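# Summary of structural features
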Number of protein chains: 2
Amino acid sequence: MISANEKLAHIRSEMQKNSIDAYIIPYADPHLGEYIPDHWQIIPWLCGFTGSAATLVITDSFAGLWTDSRYFIQAEQQLAGSGFELKKAGNTGSPDYSQWIAGNLNEKSVVAFDGRTFSVSMKRKLESVTARKNISILSDCDLISELWTDRLPLSSEKAFDHPIEFCGKDRARKISEIREQMKIMNIDYHLLTSPEDVMWMLNIRGKDLKYSSLLLSFVIVGMDQILFFAEENKIPMVLARTFDDLNIIMLPYEETDGMISTLPSDSTILLNPLSTSVLLQNAIPPGMKIVEDISIPTKLKSVKNKVELENISRVMVKDGVALSKFFYWFENQPPDNQLTELQLAEKILEFRAKNTAFLGPSFSTIVAYGENGALPHYSPATGSNSIIGNESLLMIDSGGQYLDGTTDITRTISTGKATAKQKKDFTLVLKGMIGLATARFPSGTKGYQLDILARKFLWENGLNYGHGTGHGVGFCLNVHEGPQSISPMTNNGSKTPIEPGMLISNEPAIYREGEYGIRTENLIVCYEYEETEFGQFLGFDTVSLCYIDKSLINLTMLNEKEIKWLDSYHMEIFDKVGPFLSEAENEWLKKKTSALQH
Amino acid sequence: MISANEKLAHIRSEMQKNSIDAYIIPYADPHLGEYIPDHWQIIPWLCGFTGSAATLVITDSFAGLWTDSRYFIQAEQQLAGSGFELKKAGNTGSPDYSQWIAGNLNEKSVVAFDGRTFSVSMKRKLESVTARKNISILSDCDLISELWTDRLPLSSEKAFDHPIEFCGKDRARKISEIREQMKIMNIDYHLLTSPEDVMWMLNIRGKDLKYSSLLLSFVIVGMDQILFFAEENKIPMVLARTFDDLNIIMLPYEETDGMISTLPSDSTILLNPLSTSVLLQNAIPPGMKIVEDISIPTKLKSVKNKVELENISRVMVKDGVALSKFFYWFENQPPDNQLTELQLAEKILEFRAKNTAFLGPSFSTIVAYGENGALPHYSPATGSNSIIGNESLLMIDSGGQYLDGTTDITRTISTGKATAKQKKDFTLVLKGMIGLATARFPSGTKGYQLDILARKFLWENGLNYGHGTGHGVGFCLNVHEGPQSISPMTNNGSKTPIEPGMLISNEPAIYREGEYGIRTENLIVCYEYEETEFGQFLGFDTVSLCYIDKSLINLTMLNEKEIKWLDSYHMEIFDKVGPFLSEAENEWLKKKTSALQH
């Protein structure tokens with residue numbers, strides 16, 4: 001195996017041969033989503049950094065990795081000795097990678113990247129800052145494939161049907177709903193580059209990614225035909241026949257750009273520049289009108305249908321049972337049994353896996369003891385894998401992909417005697433979580449308006465957390481799935497009105513560096529609360545079902561409404577989860593969910 | 001005097017002569033601000049509508065007035081018989097005036113307006129929807145001046161010096177601060193089109209508008225010189241001499257566009273497209289680089305300096321004394337004394353006018369009894385001027401321009417026995433007002449994040465109000481003055497971070513059509529609350545000083561924190577305002593501000 005420095009030297013020599021002054025490697029695959037398969041994990045292979053947000057820039061004298069505040073500590077550790085230096089991105093005032101390039105390259109330099117994994121938006125942003133220096137851009141430059149000899153191939157796992165009892169709406173109806181929207185928008189072709197859009201529309205799921213039930217594929221929706229680009233041998237015959245009936249044409253995955261180039265140039269195509277690669281956009285025939293927006297399936301699937309919502313309720317019980325069994329098991333370990341974070345993560349998986357409809361974890365399980373919890377995206381798989389002690393806080397953030405829904409839940413418990421400071425912090429986070437869970441708001445309200453409900457108690461005490469409060473959640477798809485979000489920023493999905501049927505996380509937190517982290521996360525579903533002369537008002541149902549550690553609550557800090565909410569939430573957990581537990585577990589859960597002393 | 005229909009006929013015949021298919025008249029003057037002088041009040045003269053937001057569109061077969069929801073009821077009343085129909089603007093789903101033009105005019109039609117009173121932004125928006133129909137735009141078309149024979153001239157009132165003990169920073173320093181920012185932004189010339197920017201920079205005030213202390217003027221700030229465009233005879237000799245020393249060149253008001261056209265074409269000019277007229281922009285020499293942003297003085301003056309803040313504290317006492325005396329007077333009227341809303345408005349003015357530093361009201365006083373209060377921008381001067389009865393709610397929104405600051409305050413009192421519904425509504429509004437007043441938030445927080453604090457209690461009860469929660473307030477300038485605001489929308493100043501020293505209103509409300517309106521408004525100043533390991537946290541000081549009607553409070557709905565806040569606020573009022581009242585008034589105020597019974 002060659003070292004990081006040898007790889008870097010190799011890339012630099014290729015750059016020199018091709019007169020490239022800067023080479024950019026984003027953390028991305030051709031679908032430009034959050035999760036990417038091993039085959040496209042270029043950044044960890046090249047520099048060792050394993051976070052899920054990064055961009056590398058290499059010049060003859062510099063190699064840097066840009067990532068955001070979630071990963072600053074992790075990146076510093078992982079980049080040591082790699083030849084790459086950490087550059088801080090986000091609201092740090094320091095230049096992002098494109099500004100850095102514009103600032104450090106000479107006039108008329110050449111910047112290159114692999115257009116398969118570089119989005120139209122990323123290219124546009126790069127151009128906007130490099131144009132004034134007449135820097136030119138090469139967008140078909142792959143300097144990795146040849147060098148990376150032991151690269152893993154793409155998965156060959158087969159896709160499978162996602163039956164109507166789970167997804168609630170058949171393919172034909174989804175396709176006709178998409179076409180209706182296309183007609184309203186005057187669109188002839190709709191390019192779907194995000195596999196989750198394809199999965200939702202076709203009611204199939206795949207196994208190409210570790211944490212999302214996706215088949216890597218592209219689709220072009222036309223008014224009569226649908227072109228479906230995927231490895232043909234990954235589609236079972238029975239599915240292929242169903243597709244035939246709907247005039248869905250199977251084509252090889254690699255032919256996507258080629259087919260795009262044959263579309264009629266007097267027609268209109270809808271695509272999302274954030275998830276469309278430069279390669280695919282460059283294939284669009286000159287003259288064809290391009291409309292840019294988030295995709296129609298992204299909008300449609302964000303509002304869960306009735307069957308999906310019923311399934312979500314059921315899957316939350318299953319998930320809650322697994323977690324209850326896990327926490328019961330954990331609390332009943334002998335005191336001298338030194339368990340590691342990874343062992344706990346495996347045990348959670350084991351309990352979830354007992355469900356037949358379980359497909360796998362929905363993200364890399366976070367089990368973070370003590371100060372590890374202060375790293376918001378710590379994972380024992382890539383972190384220190386500490387032994388769980390009996391004197392701090394233990395934060396566990398985990399979730400599952402089930403045929404009948406996707407879960408994501410965080411609980412923080414005390415493994416020793418909680419301090420007053422820990423209790424105060426925990427209770428402030430809890431108050432925020434309840435504040436958002438019990439929100440009532442008029443139709444049309446956006447996520448950026450609601451964010452403060454989860455933060456205000458922290459702010460009143462000079463505390464805060466550096467991430468958003470809530471992300472959309474898919475249905476047996478991605479655990480992070482927009483467009484909706486709840487966040488203080490307005491440059492993303494937080495501008496999307498929260499609609500009835502949307503599933504979203506509610507996860508305020510506090511991270512005390514070197515001490516501990518606290519996060520309490522439930523999933524909530526928006527529903528219609530009441531209609532008055534002032535319009536339609538909405539609310540949230542909390543659907544996740546796992547007890548909240550009462551030993552960490554400072555009861556004097558909760559008001560009556562909050563106590564009532566928590567008591568009733570705990571009662572619901574006991575009623576729904578209890579029946580699926582053993583007698584001993586049931587007894588234990590009864591205590592965990594008993595009413596707070598007033 | 002000719003009738004509305006005759007005026008319309010006249011305009012249409014002029015349109016025909018000039019081959020104009022649609023003529024647009026915005027509610028605007030050459031400075032494109034909120035308040036406009038009588039000379040430019042074309043819309044009330046033409047169709048009778050007196051609201052402060054409107055656009056007229058006239059074609060050969062159509063005449064329409066677009067206004068927003070604040071004015072729907074008022075517009076329907078005032079437009080009756082005028083020949084103009086009401087078109088609803090805002091989030092109503094119906095087309096705005098430019099969309100209407102694009103939808104209703106034929107290909108290659110001609111749209112015209114007076115480029116003196118049409119902003120660059122307005123023109124751009126119009127072009128963006130009319131371009132696809134090849135509609136052409138005539139931007140130098142004044143069809144009004146000739147027709148409007150009894151039009152009032154512009155004011156000839158003189159400007160005056162705003163002494164340093166009020167404004168706290170001398171002209172030379174303000175000018176050098178502006179130039180510093182210009183250097184950072186690489187700007188050679190800064191066009192100031194908003195008179196408030198000019199007033200602030202030059203430490204002068206004028207009397208050209210009814211409610212704002214402005215001299216209508218333009219300025220071009222260069223690195224060495226400042227060109228100041230105003231009626232020369234409105235500048236007193238002593239001021240003119242001071243300007244000479246600072247290399248401020250006086251030029252006639254009408255020569256602004258002419259002088260712009262002589263600027264060097266290889267230089268850069270900063271202007272705000274929202275407040276720059278098409279006339280002025282068209283005068284910019286070809287090749288000159290235009291940078292668009294809000295003006296530098298707008299940003300600088302939004303953060304009040306220490307002297308201004310001290311003056312604001314003092315002016316609030318004076319204003320509070322005037323209001324206390326007014327409410328004492330009102331409560332002690334004989335029961336058979338049938339006072340009208342206008343009489344009350346005049347009485348408030350009388351009490352404020354007793355202060356030597358008082359210049360005039362800061363906006364048209366709203367005294368709204370009963371159902372009049374349900375019209376958010378009702379004014380007795382243009383409304384029904386009802387007699388104040390003794391069985392409903394009375395809402396009074398008023399403010400003053402003083403040399404030492406600008407005030408804006410709303411109180412709602414009960415003139416009879418308050419109903420349970422009124423009390424509930426009033427208390428929900430009060431809780432929202434206190435919620436925002438007691439907010440703590442990290443540095444960088446924007447107004448759109450805070451808005452919900454004032455609304456959440458209303459939302460929880462299916463109630464809402466259709467306007468923003470807070471607007472910035474000038475210092476002896478405009479009562480509405482950005483850039484900051486607190487609002488659910490993000491298309492305006494609510495994206496501006498709230499900074500220490502900003503003065504802003506806090507005015508949640510509820511309007512029950514046909515019944516009553518409730519609004520409680522105070523001004524608040526942002527200040528640095530505490531610095532923690534999580535950063536700098538900010539808070540608000542409530543600076544307005546007038547009692548809140550306790551007879552309208554449902555005490556069971558307030559929590560301890562809210563009661564404590566109100567008791568301490570009332571105590572502050574009594575301490576600060578009491579000493580300036582007569583013995584009888586003082587006794588009365590003591591009762592009005594006594595602690596709430598617990």
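Residues numbered from 1 in each chain as written. Chains lettered and ligands numbered in written order. Predicted model: local features only at pLDDT ≥ 70, side-chain atom pairs only at ≥ 80, totals over all residues. Heavy atoms only, no water.

### Considerations on the overall build of chain A
A count of helical and extended segments in chain A gives 18 helices and 28 strands. Seen along its three principal axes, the alpha-carbon backbone of chain A occupies a region of about 70 × 55 × 50 Å. Relative to its full complement of 598 residues, chain A shows a buried share of 61%. Long-range contacts, defined as pairs at least 24 residues apart, comprise 68% of the intrachain contacts of chain A with a sequence gap of at least 6. Of the side chains in chain A, 57 bear a positive and 75 a negative charge, and the two mean positions are spaced by 4 Å. (Helix = DSSP H or I, 4+ residues; strand = E, 2+ residues; numbered from the N terminus. Buried < 20%, exposed > 50% of the residue type's maximum accessible area, 1.4 Å probe, protein only. Contact = heavy atoms within 4.5 Å. Lys, Arg positive; Asp, Glu negative; His and termini not counted. Charge placed at Lys NZ, Arg CZ, Asp CG, Glu CD.)

### A look at the pairing of strand β14 (residues 289-292) of chain A
Residues and elements named next belong to chain A. Here strand β13 (residues 268-271) pairs with β14 via four bridges, running parallel. Bridge assignment links threonine 268 to a residue of β14, and that residue is lysine 289. Regarding the hand of the β-α-β motif, the stretch spanning β13, helix α11 (residues 278-283) and β14 is right-handed. (Pairing = 2+ DSSP bridges. Right-handed = clockwise from strand over helix to strand, strands pointing away.)

### As for the interface of chain A and chain B
If you look at the interface, chain A gives 29 residues, while chain B gives 29 residues. Approximately 2,500 Å² of surface area, both sides summed, lies buried where chain A meets chain B, with 57% of it carried by carbon and sulfur atoms. The interface formed by chain A and chain B contains four salt bridges. Two residues, lysine 561 of chain B and glutamate 460 of chain A, come together in a salt bridge whose shortest N-O distance is 3.7 Å. Of all the secondary structure elements, the ones that give two or more residues to the side of chain A that touches chain B are β21 (440-442), α16 (447-460), β25 (509-512) and β27 (522-532) of chain A. Broken down by element, the side of chain A that touches chain B gets its largest block of residues, eight residues, from α16 of chain A. Taken together, the residues of the side of chain A that touches chain B sort by class into 14 nonpolar, seven polar and eight charged. (Buried area = accessible area lost by both parts, 1.4 Å probe. Salt bridge = Lys/Arg side-chain N within 4 Å of Asp/Glu carboxyl O. Nonpolar A, V, L, I, M, F, W, Y, C, P; charged D, E, K, R; others polar.)

### Describing the sheet that holds strand β28 (residues 535-542) of chain B
As summarised here, the arrangement of the four strands in space is β21-β28-β27-β24 (chain B), forming an open sheet in which the pairing is antiparallel. Strand pairing shows two members of the sheet lacking a second neighbour, β21 (440-442) and β24 (503-506) of chain B, which therefore form its edges. Between one strand axis and the next, the sheet turns by 45° as a mean value, whatever way the strands run. Judged from the three bridges that link them, β21 of chain B and β28 of chain B form a sheet pairing that is antiparallel. Residue pairing across strands places arginine 440 of chain B opposite glycine 539 of chain B, the latter belonging to β28 of chain B. Across the sheet, α16 of chain A is in contact with β21, β27 (522-532) and β28 of chain B; its angle to β21 of chain B comes to roughly 95°. (Axes fitted to C-alpha atoms, helices over the stretch in contact; angles between N-to-C directions.)

### A word on α16 of chain A
Three or four residues apart is the spacing at which side chains of an α-helix point the same way, because the helix has 3.6 residues per turn. Residue and element names in this part refer to chain A. Along its 14 residues, α16 runs 21 Å from first to last C-alpha, staying within 8% of the 20 Å computed at 1.5 Å per residue. In the structure, α16 departs most strongly from a straight axis at alanine 454, where the bend amounts to approximately 50°. With 13 of 14 residues buried, α16 is to be regarded as a mostly interior element. (Expected span 1.5 Å × (residues − 1). Bend = angle between axes of the 7 residues up to and from the residue.)

### Quick notes on the relation of the copies chain A and chain B
A rotation about some axis, followed by a shift along it, carries one copy of the chain onto the other. The transform that puts chain A on chain B rotates by 180° and translates by 0.0 Å along the axis, for an RMSD of 0.0 Å. On this basis, the relationship between the two copies can be described by a two-fold rotation axis. Across chain A, the smallest distance between a C-alpha and the rotation axis is recorded for glutamine 449 of chain A, namely 2.8 Å. A share of 100% of the interface residues of chain A reappears at the interface of chain B, consistent with the copies meeting face to face through the same patch. (Least-squares fit on C-alpha atoms with pLDDT ≥ 70 in both.)

### Quick word on the pattern of salt bridges
Inspection of the entire model under this criterion finds 56 salt bridges over all chains. The closest approach of N and O atoms between lysine 301 of chain B and glutamate 481 of chain B, which form a salt bridge, is 2.9 Å. Taken together, the residues lysine 301 of chain B in helix α12 (residues 296-302) and glutamate 481 of chain B in the loop between β22 (470-471) and β23 (485-486) connect sequence positions 180 residues apart. Neither residue differs from the other here; lysine 301 of chain B and glutamate 481 of chain B are each classed as buried. Three or more residues are tied together by salt bridges with common partners; here these are Asp114, Arg116 and Asp142 of chain A.

### Observations concerning the side chain of asparagine 506 of chain A
Relative to the helices and strands, asparagine 506 of chain A is located in strand β24 (residues 503-506). When near neighbours in sequence (up to four residues on either side) are disregarded, asparagine 506 of chain A contacts Met433, Leu436, Ala437, Thr469, Thr520, Glu521, Asn522 and Ile524 of chain A.

### Overview of the environment of asparagine 134 of chain A
Residues and elements named next belong to chain A. Mapping asparagine 134 onto the fold places it in the loop between α5 (120-130) and β6 (136-138). Exposure remark for asparagine 134: the relative accessible area of 47% places this residue in the partly exposed category. A C-alpha to C-alpha distance of 33 Å links asparagine 134 and phenylalanine 72, two positions 62 residues apart in sequence. Not counting the four nearest positions on each side in its chain, asparagine 134 is found in contact with Glu107, Lys108 and Ser109.

### Section: the packing of aromatic side chains
All names here are of chain A. For the structure on display, the rule yields 37 aromatic pairs over all chains. Judged by centre distance (5.9 Å) and plane angle (65°), the ring pair of tryptophan 66 and tryptophan 100 falls under edge-to-face. Here the residue tryptophan 66 occupies a position in strand β3 (residues 63-67), and tryptophan 100 occupies one in helix α4 (residues 97-104), the gap between them amounting to 34 residues. With a relative accessible area of 3%, tryptophan 66 lands in the buried category. Accessibility expressed as a relative area gives 9% for tryptophan 100, which makes it buried. (Phe/Tyr/Trp six-rings, centres within 6.5 Å; stacked < 30°, edge-to-face > 60°.)

### Examining the confidence of the model for chain A
Low-pLDDT portions of the prediction should not be read for the details of their coordinates. For chain A, per-residue confidence averages 95 on the pLDDT scale, and residues scoring 70 or more make up 99% of the total. As a predicted assembly, this complex carries a pTM of 0.91 together with an ipTM value of 0.89. (pLDDT = per-residue confidence, 0-100.)

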